[in-house]
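Okay, here's what each chain looks like letter by letter:
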Amino acid sequence: MVGADTDKHTDPKGLQHELDHINNLPQLSAAVSNVDKIIELLTAARERVAGALDPHTASLTMTKLQNPVKVAFETVNVNLKDASQTNKATGKALDKFFPYKPLPADHDAMADHHPLINRAIAMHLLREGQFSVASTFIDDAQSASPYNIEGTPSDGQDEPMDEDDDDAGVEGEADAEASPPVTASSSSDSHDLSSFQSQELQAKFSEMYRVLQELKLRNLVPAIAWARANSAELEARGSNLEFELSKLQYVWLFKGPAVNGLPDDQQNGRAGAMAYARDNFGRFQSRHLPEIQQLASAVVFAPNITGSPYRSVFSTDGAFSEVASSFTREFCSLLGLSAESPLYIAATAGALALPWLIKYTTATKAKGTEWTTANELAFATPLPERMMYHSIFVCPVAKEQTTEDNPPMMIPCGHVLARETVTKLCKGNRFKCPYCPSEGQLKDARLIIL
Amino acid sequence: MADQEASKINLDNHLLLDQPLLRLPYELLRKNFRSAHFTFEKDSTFVKNLLKETANGSLNGRTTPQDVVKNLDTMLARIRGMKRKLSAYADEETRLHRQVDARVAHLRELSGVHTVDDVKYDAWSRQRLDRLLVDYLLRHGYNASATSLAEERQMVDLVDIDTFVAMSKIRKSLEDRSVQEALAWCNENKKELRRMHSNLEFMLRCQQFIEMRRAGTPAKMAEAIAHAKKYIAPFNDTYTEEVCNMAGLLAHLPDTKQEPYESLYSLERWTKLADVFVEAHNKLLGLPSFPLLHTALSSGLSALKTPACHSSTATSSSRPSHSTSLTTSVCPICSTELNELARNVPYAHHSKSHVEHDLLLLPNGRVYGKDRLEEYAVKAGLPPGQVRDLVTGESFAVDKLKKVFIT
């Protein structure tokens, strides 16, 4: 959609092919080897003159030298011309297979937000487990811009976080949990890196990576310990992580030493699984009784579980990676953070939306309209389903998205309109629904939260 | 939903941010060739002239055989020097070609990927983010971070550490109040700077003049005037106002409060010079004037942002993105990392509602999809006929719910 050139397309494959060909064309190195010829000529001449040291030999040698040297220089010059042609061919290949499309360059909306971007990068590096790069970066950024402090206060409207973790006594938790939770509220006063609690965040994420590492090795114990320590918050989120982990542990033990590779003792195998269930499933009974019964009944089928109705429950193929991803999601959510790196999502969404932005700016350039002035983008930027995180309600009458100031209202017949639309539809206190024959009163329209 | 369409990758549009990836090494190839050619021209002209002179001198007896040998030695030294320099340029050329190949191979990985849901796309896009990060870090002079990230991710060939490190050295020298490095750079790129009408060299020459005037000793003043005659006065036609200001500066002491002289004496002019240099440098090499990460973020933040992201009431939505759990991931714009940064960008434009199926209204005003309410009720172990609000945790009887119609 950018550029009207029809015969030029971005085609890395074609470019690669073309460059393979170009790489065989003459390059500067050819010129270098031909310089040796000049050196040889001059050296030979020097020896002859120095050997005889009489004016006649000297003038004869020098006269004879003129032409060959000239020719040799000419050869090098030709080599250089060839190399220049090779460069030109590279340029042509680029133009053909990677046609240039200018990026928006007039306005840098991010220019004044250097400290905020730095903070986002530091958090990104930490959550990606790039701890050493992150610490180099924090040093770099702090020493480079001590004067760059920006203090836009935040509303602190981020997810409320329950802070009274009763995790005392859980192994491996104490060190990370002792620090204050790294939420928006604790770091929102100022956005520079010095107030940013990278140590705490790093401790949190190294804990996350430790647990994930163990999950990869099929060891559920640290994950279960974490889930138990945070069971109140997890339950409040409607997460079953703790039960899912315990269930998987039961299944894993049930499979016995041949599959799980754990020591063959009382703690393992069918007996171990039963013991584990006795010790741990009690707390889940109120919520997960049917599933627990199912797990217990499976014992009957133990010799042939794959041929039993319980085979799906007892398959652990994808189960570990599934609990690992729910673990990551829950872990980040309790920190008030998104499960995927927001910087990654934003950069990817940015690449997807950029063509629309360019198309729009190109179209409106003549009018001198600026795309960042309004609250809402003036053009649509379709993103894939998984990048939609909130419900979007567009008032069917006003064709505008609802906002905090103009929220969605449900009228008595069940249809939803923006508040401004309802007010405009009103004649006196009554209005007629634009979508069905029913009528309503303003006082009966109620605000809804989507 | 146009989701299927939105997930498709169209290479013509998807590699916009990646243009400098190939443009820069190409510009460097051209620059490298120009330097090689310049060296050759200079040295070959010198040698050819000396050769001719020596031959003539030797013919008419003015040059002794001893002097002929001496001249030949000079020529040899010169040619050997030229060979050394050309070899270095040839090596650089080979390195740049290798870099181009590596980069094309990286872009080529995307040829077989047709949708953003492909796992291969994820890996590729992550690497792109790493590239954008290195670019950002280098442009801010965080060279150690950039190098360490590039090495850790094994993508040294995909980023331009050398170019930016060289640039940040010159920028640093300007910030440390030295013009020499920047002048040398101007000299190297004389023709191109002239072609793009850069005033960098003129600005640098003015700064030299300002510093001489600042020193104020009679010797320095004389030097300043000589300097102005040589480097500043010739630009009277192009930069009339600046040239006049420089002349006026002679009549104003460094502590003047008179404009424009106070600003000219200001040490902040050095920072400005550093900016002018960076701008000229980037323009010369065809690099975007601000970090690519900024471009990606300003378009990405807006595309993701919804009115809900900075609203004071927690919304009911935060759609479940993976079917395995009804609990949801925090939206990237709501997440601490980007929330403040996204505050001032416009939110995305939508012309269609995007909500869950079978919406039900709870007595407290919150709306959820039927499936999600039912699933949550089961997981929360509620008795039949009851549902629970996913955000507030309140329980309600099913018969108190109302259907919501989204048109």
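Since we're looking at a predicted model, the values are computed, not measured.

Looking at the overall build of chain A
Piece 1. For chain A, the count of helices and strands is 17 helices and 6 strands.
Piece 2. Within the span of chain A, comprising 450 residues, buried residues form 38% of the whole.

Things to note about the sheet that holds strand β3 (residues 367–369) of chain B
All names here are of chain B.
Piece 1. The strand order across the open sheet built from 3 strands is β3-β2-β6, with neighbouring strands paired in antiparallel fashion. What marks the edges here is a single partner per strand, and that holds for β3 and β6 (402–403).
Piece 2. Note that strand β2 (residues 359–361) and β3 share 3 bridges and pair antiparallel. From the neighbouring strand, leucine 360 faces β3, where its bridge partner is tyrosine 368.
Piece 3. In this fold helix α17 (residues 370–379) packs onto β2 and β3, with an angle of close to 85° to the strand it touches most, β3.

So, the nonpolar core
Piece 1. Ala223 of chain A together with Leu86 of chain B are the most contacted members of the largest nonpolar core, which totals 175 residues.
Piece 2. Among all residues touching alanine 223 of chain A, those that are not within four sequence positions of it are Val211, Leu215, Leu245, Val323 and Phe327 of chain A.
Piece 3. Phe393 and Val416 of chain A together with Leu373 and Leu390 of chain B belong to the second largest nonpolar core, which has 29 residues in total.

With respect to the packing of helix α3 (residues 55–97) of chain A against helix α3 (residues 19–59) of chain B
Piece 1. Close contact between α3 of chain A and α3 of chain B brings their axes to 10 Å; oriented N to C, the two are set at 170°. Here α3 of chain A is positioned roughly antiparallel relative to α3 of chain B, judged by the angle of their axes. Classified by chirality, the crossing of α3 of chain B by α3 of chain A is left-handed.
Piece 2. Classifying every residue of the contact of α3 of chain A with α3 of chain B gives 19 nonpolar, 11 polar and 2 charged.

A few points about the UniProt feature "zinc finger region: RING-Gid-type" (unreviewed entry) in chain A
Piece 1. As recorded in UniProt, the sites labelled "zinc finger region: RING-Gid-type" (unreviewed entry) are residues 395–436 of chain A.
Piece 2. Helix and strand shares over residues 395–436 of chain A are 17% and 21% respectively, and the end C-alpha atoms of the span are 16 Å apart.

Considering the interface of chain A and chain B
Piece 1. Between chain A and chain B, the residue contacts involve 147 residues of the former and 141 residues of the latter.
Piece 2. It is α3 of chain A that provides the largest number of residues to the side of chain A that touches chain B, a total of 17 residues.
Piece 3. A class-by-class count of the residues in the side of chain A that touches chain B yields 81 nonpolar, 44 polar and 22 charged.
Piece 4. With 2 bridges joining them, strand β1 (residues 376–380) of chain A and strand β1 (residues 347–349) of chain B adopt parallel strand pairing. Each residue of the ladder has a partner; that of alanine 380 of chain A, found in β1 of chain B, is histidine 349 of chain B.

Side note on the domain arrangement of chain B
Piece 1. What the domain assignment lists for chain B is domain 1 (12–108), domain 2 (166–284) and domain 3 (351–403).
Piece 2. A C-alpha centroid distance of 69 Å is found between domain 2 of chain B and domain 3 of chain B.

Quick look at the UniProt feature "zinc finger region: RING-Gid-type" (unreviewed entry) in chain B
Piece 1. Taking the UniProt record as the reference, the feature "zinc finger region: RING-Gid-type" (unreviewed entry) is found at residues 331–392 of chain B.
Piece 2. Here residues 331–392 of chain B runs as 23% helix and 19% strand, with 18 Å between its end C-alpha atoms.

A short note on the domain arrangement of chain A
Piece 1. Domain annotation for chain A reports domain 1 (12–97), domain 2 (113–149 + 175–333) and domain 3 (390–447).
Piece 2. Centre-to-centre, using C-alpha coordinates, domain 1 of chain A lies 65 Å away from domain 2 of chain A.

Describing the UniProt feature "domain: CTLH" (unreviewed entry) in chain A
Piece 1. Sequence positions flagged by UniProt for "domain: CTLH" (unreviewed entry) are, in local numbering, residues 204–261 of chain A.
Piece 2. As annotated, residues 204–261 of chain A comprises 79% helix and 0% strand, and the C-alpha atoms at either end are separated by 30 Å.

Side note on helix α4 (residues 114–127) of chain A
Residues and elements named next belong to chain A.
Piece 1. The end-to-end C-alpha distance of α4 is 20 Å, a good match for the 20 Å that 14 residues give at a rise of 1.5 Å each.
Piece 2. Burial within α4 is extensive, with 13 of its 14 residues counted as buried.
Piece 3. Count one or two residues on from α4 and you reach glycine 129, which has phi positive near 80°.

With respect to the environment of leucine 22 of chain B
Piece 1. Within the fold, leucine 22 of chain B resides in helix α3.
Piece 2. For leucine 22 of chain B, a count of 24 C-beta atoms within 10 Å puts it in the buried group.
Piece 3. In this view, leucine 22 of chain B contacts Leu94 and Phe98 of chain A together with Val100 and Arg103 of chain B; residues no more than four positions away in its chain are not counted.

Thoughts on the confidence of the model for chain A
All names here are of chain A.
Piece 1. Mean pLDDT for chain A: 81, with 85% of residues reaching 70 or above.
Piece 2. Counting interchain partners and residues more than four positions distant, the pLDDT-below-50 stretch residues 1–5 has 11 contacts.
Piece 3. The low-confidence segment residues 146–190 (pLDDT under 50) makes 79 contacts with residues lying over four places distant or belonging to another chain.

Things to note about the sheet that holds strand β6 (residues 446–447) of chain A
All names here are of chain A.
Piece 1. Taken in spatial order, the 3 strands line up as β3-β2-β6 in an open sheet, and their pairing is antiparallel. The strands lining the two open edges of the sheet, one partner per strand, are β3 (416–418) and β6.
Piece 2. Two elements, strand β2 (residues 408–410) and β6, share 2 bridges in a ladder whose sense is antiparallel. Bridged to methionine 410 within β6 is arginine 446.

Points about helix α11 (residues 241–254) of chain A
Given 3.6 residues per turn, any residue in an α-helix points the same way as the ones three and four places further on.
Piece 1. Its 14 residues place the ends of α11 of chain A 20 Å apart at the C-alpha level, agreeing with the 20 Å of an ideal helix rising 1.5 Å per residue.
Piece 2. Counted residue by residue, α11 of chain A has 14 buried out of 14 residues, so it is predominantly covered.

Some points on the confidence of the model for chain B
Piece 1. When the pLDDT values of chain B are averaged, the result is 89; 95% of them are 70 or greater.
Piece 2. Note on the complex model: pTM 0.83, ipTM 0.87.

Quick notes on the packing of helix α8 (residues 180–188) of chain B against helix α10 (residues 200–215) of chain B
All names here are of chain B.
Piece 1. Relative orientation of the contacting elements α8 and α10 amounts to 150°, with a least axis distance of 10 Å. What the angle tells us is that α8 and α10 run roughly antiparallel. At the point where α8 passes α10, the crossing takes the left-handed sense. Note on element contacts: α10 touches α8 through Leu200, Glu201 and Leu204, opposite Ala182, Leu183 and Cys186.
Piece 2. When grouped by side-chain class, the residues that make up the contact of α8 with α10 number 5 nonpolar, no polar and 1 charged.

Focus on the environment of glutamate 211 of chain B
Piece 1. By the element assignment, glutamate 211 of chain B lies in helix α10.
Piece 2. Residues glutamate 211 of chain B and glutamate 223 of chain B, spaced 12 residues apart in sequence, show a C-alpha to C-alpha distance of 11 Å.

A look at unusual backbone geometry
Piece 1. Omega for the bond connecting glutamate 259 of chain B with proline 260 of chain B falls within 30 degrees of zero, at 0°, which places this linkage in the cis form.
Piece 2. Note that proline 260 of chain B resides in the loop between α12 (240–249) and α13 (261–265).
Piece 3. In the Ramachandran plot, lysine 399 of chain A falls in the positive-phi region, its phi being about 60° despite a non-glycine side chain.
Piece 4. Mapping lysine 399 of chain A onto the fold places it in the loop between β1 and β2.
Piece 5. In this structure lysine 399 of chain A comes out as exposed when scored by C-beta crowding, with 12 C-beta atoms within 10 Å.
Piece 6. Positive phi is not limited to glycine here, since histidine 197 of chain B has a value of about 55°.
Piece 7. As for its placement among the helices and strands, histidine 197 of chain B is situated in the loop between α9 (190–195) and α10.
Piece 8. Exposure remark for histidine 197 of chain B: the 7 C-beta atoms within 10 Å place this residue in the exposed category.

Reading guide: rules and limits
- Residues numbered from 1 in each chain as written.
- Chains lettered and ligands numbered in written order.
- Predicted model: local features only at pLDDT ≥ 70, side-chain atom pairs only at ≥ 80, totals over all residues.
- Helix = DSSP H or I, 4+ residues; strand = E, 2+ residues; numbered from the N terminus.
- Buried ≥ 20, exposed ≤ 12 C-beta atoms within 10 Å, placed from the backbone.
- Pairing = 2+ DSSP bridges.
- Contact = placed C-beta atoms within 7 Å.
- Axes fitted to C-alpha atoms, helices over the stretch in contact; angles between N-to-C directions.
- Core = buried A, V, L, I, M, F, W, Y, C linked by C-beta atoms within 7 Å.
- Parallel < 35°, antiparallel > 145°, perpendicular 65-115°, else oblique.
- Left-handed = near helix turned anticlockwise from the far one by under 90°.
- Nonpolar A, V, L, I, M, F, W, Y, C, P; charged D, E, K, R; others polar.
- UniProt positions renumbered as here; feature names shortened; annotations may be inferred.
- Domains from an automatic or database assignment.
- Expected span 1.5 Å × (residues − 1).
- pLDDT = per-residue confidence, 0-100.

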